[in-house]
Amino acid sequence: MAPTDLHKLLRSLRVWDPEVTELPPFDPTTAPPTPLTLFTTWFAEAVAAGQAEPHTMSLATTDEDGHPDVRIVMLHGADADGWSFATHATSRKGRQLSAHPYAALAFYWPVLGRQVRVRGPVTAAPSEESQADLHARSTGALAAALTGRQSEVLSSVEELRRASQAAWKQARANPAAPSPTWTMYRLRPEEVEFFQGDPERRHVRLAYRSTAFGWERTLLWP
């Protein structure tokens, strides 16, 4: 595809097509005092609205040279301890979190025209907790973790196929097989922003900021 064709294609696309998107009203004065409560409500509403894979999120980290990096990961939970996700400690993002234990998350639920952004320090859960989280998931998740070597250079697709087959065999034979480098991380929020799209482009942005006296709420210009 030529760049000019790409530009034409981009201009032909719509954001929040009313045939597939409903933009619900959001009155920030009715928002709860803590961001976790609102996040839980919005997450449930995204599921109810039929949003595909609402538990996927962008995870932004910083490498050893201070350069940003981002990818899509899966949310494992959100509670008083923070928003949790998992990866190998030896992966690229694992190494980056070791060097700079601070990250940002972004959820996008276009079926409702909503975004949620979260920023804060990140800590690694104890190994026992990380392994328990892994073993509570599917056989496929365990097989993927046992395949290991995440972010390392791969010589061929055939090499991956052989390693994956061996990992699946191990996961089926031993559902409690450990994956020593698999680690669950928790991001403890310092800032959480909720964005609700509006058909007249008067989008509502409500930001929560953690202070010594609890959560402070602020409206932001769209």
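Refer to the structure presented above.
What comes next is a walk through the structure. It should be emphasised that the depicted structure is a prediction, and the values quoted were computed from it without experimental measurement. (Residues numbered from 1 in each chain as written. Predicted model: local features only at pLDDT ≥ 70, side-chain atom pairs only at ≥ 80, totals over all residues. Heavy atoms only, no water.)

**Focus on the packing of helix α5 (residues 139-147) against helix α6 (residues 157-173)**
Inference 1: With their axes 8 Å apart at the nearest point, α5 and α6 run at an angle of 130° to one another. In terms of their interaxial angle, α5 and α6 are classed as oblique. For α5 against α6, the interelement crossing comes out right-handed. Here Thr139, Gly140, Leu142, Ala143, Leu146 and Thr147 of α5 come into contact with α6, specifically with Leu160, Ala163, Ser164, Ala167, Trp168, Gln170, Ala171 and Arg172.
Inference 2: In the contact of α5 with α6, the residues fall into eight nonpolar, five polar and one charged. (Axes fitted to C-alpha atoms, helices over the stretch in contact; angles between N-to-C directions. Helix = DSSP H or I, 4+ residues; strand = E, 2+ residues; numbered from the N terminus. Parallel < 35°, antiparallel > 145°, perpendicular 65-115°, else oblique. Left-handed = near helix turned anticlockwise from the far one by under 90°. Contact = heavy atoms within 4.5 Å. Nonpolar A, V, L, I, M, F, W, Y, C, P; charged D, E, K, R; others polar.)

**So, the pattern of salt bridges**
Inference 1: Scanning the model with the defined rule gives 10 salt bridges in all.
Inference 2: Glu159 is paired through a salt bridge with Arg149; the nearest N and O atoms lie 3.3 Å apart. Taken together, the residues Glu159 in helix α6 and Arg149 in the loop between α5 and α6 connect sequence positions 10 residues apart.
Inference 3: Accessibility expressed as a relative area gives 51% for Arg149, which makes it exposed.
Inference 4: Of the charged contacts, one joins Arg205 and Glu193 as a salt bridge, the two residues approaching to 2.7 Å between their closest N and O atoms. In this pair, Arg205 sits in strand β9 (residues 204-211) while Glu193 sits in strand β8 (residues 191-196), placing the two residues 12 residues apart along the sequence. (Salt bridge = Lys/Arg side-chain N within 4 Å of Asp/Glu carboxyl O. Buried < 20%, exposed > 50% of the residue type's maximum accessible area, 1.4 Å probe, protein only.)

**As for α5**
Inference 1: Those residues of α5 not exposed but buried are Ala141, Leu142, Ala143, Ala145, Leu146 and Thr147.
Inference 2: Along its buried surface, α5 packs onto β4 (82-88), α4 (127-135), α6 and β7 (182-187).
Inference 3: Following α5 by one or two positions, Gly148 has its phi on the positive side, about 65°.

**What to know about the environment of His67**
Inference 1: Inspection of the secondary structure puts His67 in the loop between β1 (56-62) and β2 (68-74).
Inference 2: For His67, the contacting residues outside a window of four places in its chain are Thr61 and Thr62.

**Topic: the pairing of β9**
Inference 1: Two strands pair when backbone bridges link them, and β8 and β9 are joined in this way by six bridges, in the antiparallel orientation. Bridge pairing in β9 links Gln196 to Val204.
Inference 2: Both β9 and strand β10 (residues 214-220) contribute to a ladder of seven bridges, which runs antiparallel. Each bridged residue has a counterpart across the sheet, and for Ala207 the counterpart in β10 is Thr218. (Pairing = 2+ DSSP bridges.)

**Observations regarding unusual backbone geometry**
Inference 1: You will see that Trp16, though not glycine, has its phi angle at about 55°, which is positive.
Inference 2: Following the sequence through the fold, Trp16 ends up in the loop between α1 (3-12) and α2 (35-48).
Inference 3: Residue Glu53 is not a glycine yet carries a positive backbone phi of 45°.
Inference 4: Here Glu53 lies in the loop between α2 and β1.

**Thoughts on the packing of aromatic side chains**
Inference 1: By the definition in use, this model includes 12 aromatic pairs.
Inference 2: Each ring, one from Phe26 and one from Trp42, has its centre 5.2 Å from the other, and the planes form 75°; the classification is edge-to-face. Residue Phe26 is found in the loop between α1 and α2, and its partner Trp42 is found in helix α2; the two are separated by 16 residues along the sequence. In this pair, the class of Phe26 matches that of Trp42, namely buried. (Phe/Tyr/Trp six-rings, centres within 6.5 Å; stacked < 30°, edge-to-face > 60°.)

**Here's the deal with α4**
Inference 1: Three or more residues of α4 are buried, namely Ser130, Gln131, Asp133 and Leu134. Along the axis of α4, the buried residues cluster in a sector spanning 160°; they form a single face. (Arc of directions from axis to C-beta.)

**Structural notes on the nonpolar core**
Inference 1: Of all hydrophobic cores here, the largest spans 27 residues; its most connected members are Leu38, Phe39, Trp83, Phe85, Phe107, Val116 and Phe194.
Inference 2: Breaking this core down by element, the ones donating at least two residues are α2, β1, β4, β5 (102-109), β6 (114-124), β7, β8 and β9.
Inference 3: If we ignore the near neighbours within four places in the chain, the residues touching Phe107 are Phe39, Pro54, Thr56, Met57, Leu75, Trp83, Arg114, Gln115 and Val116.
Inference 4: Within the second largest apolar cluster, 12 residues are counted, among which are Ala86, Ala125, Leu146 and Ala167. (Core = buried A, V, L, I, M, F, W, Y, C linked by side-chain atoms within 4.5 Å.)

Worth remembering: the numbers are spatial, not functional.
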